[in-house]
Amino acid sequence: MQPNYQDDKKKEFGFTRKHFDLLRQKAKAYSGIHVTDDKYEMYYARLAKRLRLLKLNSFNEYLSLIDKDPEEFIDFINAITTNVTSFDREAHHFEYLKERIKANEIHSLSIWSAGCSSGEEPYSIIVNLYELARQHKIPFKLVGTDLDTNVLARAANGVYDVKAIEKYSKETKKHYFLRGVGSNSGKCRVKKPYRELVQFKQLNLINNWRFDKPFDVIFCRNVMIYFENDMKHQILKKYAEHLVPGGLLFLGHSESISKTNSDFDNVGKTIYRKRRK
Ligand SMILES: C[S@@+](CC[C@H](N)C(=O)[O-])C[C@H]1O[C@@H](n2cnc3c(N)ncnc32)[C@H](O)[C@@H]1O
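Bear in mind the structure is a predicted one, so any value in this text is a computation, not a measurement.

Per the domain assignment, the segments making up the protein chain are domain 1 (17-80) and domain 2 (92-274). Listed by partner, the interface residues are ten residues for domain 1 and ten residues for domain 2. Of the roughly 860 Å² buried where domain 1 meets domain 2, counting both sides, 50% is carbon and sulfur surface. At the junction of domain 1 and domain 2, the tally comes to one salt bridge. Seen at the junction of domain 1 and domain 2, the total is four residue pairs in polar contact (both at pLDDT 80 or more). Counting residues per element, the ones that place at least two in the side of domain 1 that touches domain 2 are α1 (17-31) and α4 (70-80). The element best represented in the side of domain 1 that touches domain 2 is α1, accounting for four residues.

Put into structure tokens, the structure is as follows:
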């Protein structure tokens, strides 16, 4: 359904097509996130919360604030990112890696979770692979990055609703998580040694990032769906440069790399291997 761009009188704050366009242009220039017309109501709902909190009266005031206040600009970006994630999402990727480890095909696991959101992805990597890697004496290193500073703080804190980990066995929960008591009941926390296995940091994928050493594995799942094709190609090129020959790239369920791409071979469902040239 086409959104109604009129300055809707029923809305608490007037929100016109012009406001929406200016805001989504600013967000795209900074993050690469391409926002389609159908996200008009979503933008209003998320940003109206900021206006309320800041006690502003209009989107014009908000637009001038984000132009002059870098801190509010970061909160604006944090408000418009979509951070949906969960433990063991697209678990076939973990199964694939377990099989490769058991078959002695993997000798080092330096892993980057790019667009790690609130941490469920990197901690799922630990729950699924860390002990197995240890048994096989495989060095293990894990970096988690995201654009959104709010989700990164939650990731580093490692606190979740117990419901989020209900699919794990009793032993797994006990091994990796502490159960909250008193005011924390209903919550769980990733145990400190496992939290410390992940190096979380802010990184904007569309900027000029660089790592000193290439990774064995990159997870970039459900992140590039928000980018336009040119940007996706540029990032894929950099992923190829940042993977060892034969290194693996895992994408989200609706993402793929074209067969004509000369850097990667498709080796499974949304699994790509960097070519050994
Ligand atoms: C839908 S979540 C995916 C989380 C996780 N990878 C998964 O599949 O469950 C997408 C994440 O990408 C992040 N993101 C969006 N644009 C980004 C950018 N330019 N640089 C880095 N991260 C970005 C968002 O902040 C969000 O946390």
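The buried fraction of strand β8 (residues 243-251) amounts to seven of the nine residues, a majority that puts the element mostly inside the structure. The sheet contact formed by strand β7 (residues 215-220) and β8 spans five bridges and is parallel. Of the residues in β8, the one forming a bridge with F215 is L243. In this region the chain leaves β7, passes through helix α10 (residues 229-241) and returns to the parallel neighbour β8; the handedness of that crossover is right-handed. Of the strand pairs in this sheet, β8 and strand β10 (residues 271-274) are connected by three bridges, and their pairing is antiparallel. Across the sheet, F250 pairs through a bridge with I271, a residue of β10.

Glancing now at the packing of aromatic side chains. Taken as a whole and judged by the stated rule, the model has 30 aromatic pairs. Relative to Y160, the ring of Y123 lies with its centre 6.2 Å away and its plane at 75°, an arrangement referred to as edge-to-face. Residue Y123 is found in helix α6 (residues 120-135), and its partner Y160 is found in strand β3 (residues 159-161); the two are separated by 37 residues along the sequence. With respect to burial, Y123 and Y160 carry one shared label: buried. With 4.7 Å between their ring centres and 55° between their planes, Y176 and Y194 make a pair best called tilted. Here Y176, found in helix α8 (residues 170-176), pairs with Y194, found in helix α9 (residues 192-195); they are 18 residues apart in sequence, far enough to count as distant. Like Y176, the residue Y194 is buried in the burial classification. Taking the ring centre of Y44 as reference, the NZ or CZ of K11 above it sits at 5.0 Å. Positioned above the aromatic ring of Y96 is the side chain of R100, whose terminal nitrogen or guanidinium carbon lies 4.5 Å from the ring centre.

Applying the stated criterion across every chain, the model contains zero disulfides. Lacking any disulfide linkage, C116 is separated from the closest cysteine sulfur, that of C220, by 11 Å. Among the residues examined, C116 registers a relative accessible area of 0% and is labelled buried. C116 supplies the cysteine sulfur nearest to C188, a cysteine that is in no disulfide, at a spacing of 17 Å. Here C188 falls in the buried class, since its relative accessible area comes to 3%.

Before going further, it helps to spend a moment on the nonpolar core. Among the nonpolar cores identified, the biggest contains 48 residues, and L23, F76, W112, L205, Y239 and L249 are the most heavily contacted of them. Listing elements by their share of this core, those giving two or more residues are α1, α2 (40-54), α3 (59-68), α4, β1 (109-114), β7, α10 and β8. With six residues, α2 is the single largest residue contributor to this core. With sequence-adjacent residues up to four places away left out, Y239 is seen in contact with W112, A114, L205, W209, I218, C220, M224, L249 and F264. Counting 37 residues, the second-largest nonpolar core is a separate cluster that includes A133, A155, V198 and I271.

What counts, and at which threshold
Residues numbered from 1 in each chain as written. Predicted model: local features only at pLDDT ≥ 70, side-chain atom pairs only at ≥ 80, totals over all residues. Heavy atoms only, no water. Domains from an automatic or database assignment. Contact = heavy atoms within 4.5 Å. Buried area = accessible area lost by both parts, 1.4 Å probe. Salt bridge = Lys/Arg side-chain N within 4 Å of Asp/Glu carboxyl O. Polar contact = N/O pair within 3.5 Å; in protein donor to acceptor, adjacent residues only side chain to side chain. Helix = DSSP H or I, 4+ residues; strand = E, 2+ residues; numbered from the N terminus. Buried < 20%, exposed > 50% of the residue type's maximum accessible area, 1.4 Å probe, protein only. Pairing = 2+ DSSP bridges. Right-handed = clockwise from strand over helix to strand, strands pointing away. Phe/Tyr/Trp six-rings, centres within 6.5 Å; stacked < 30°, edge-to-face > 60°. Lys NZ or Arg CZ within 6 Å of the ring centre and 35° of its normal. Disulfide = S-S within 2.5 Å. Core = buried A, V, L, I, M, F, W, Y, C linked by side-chain atoms within 4.5 Å.

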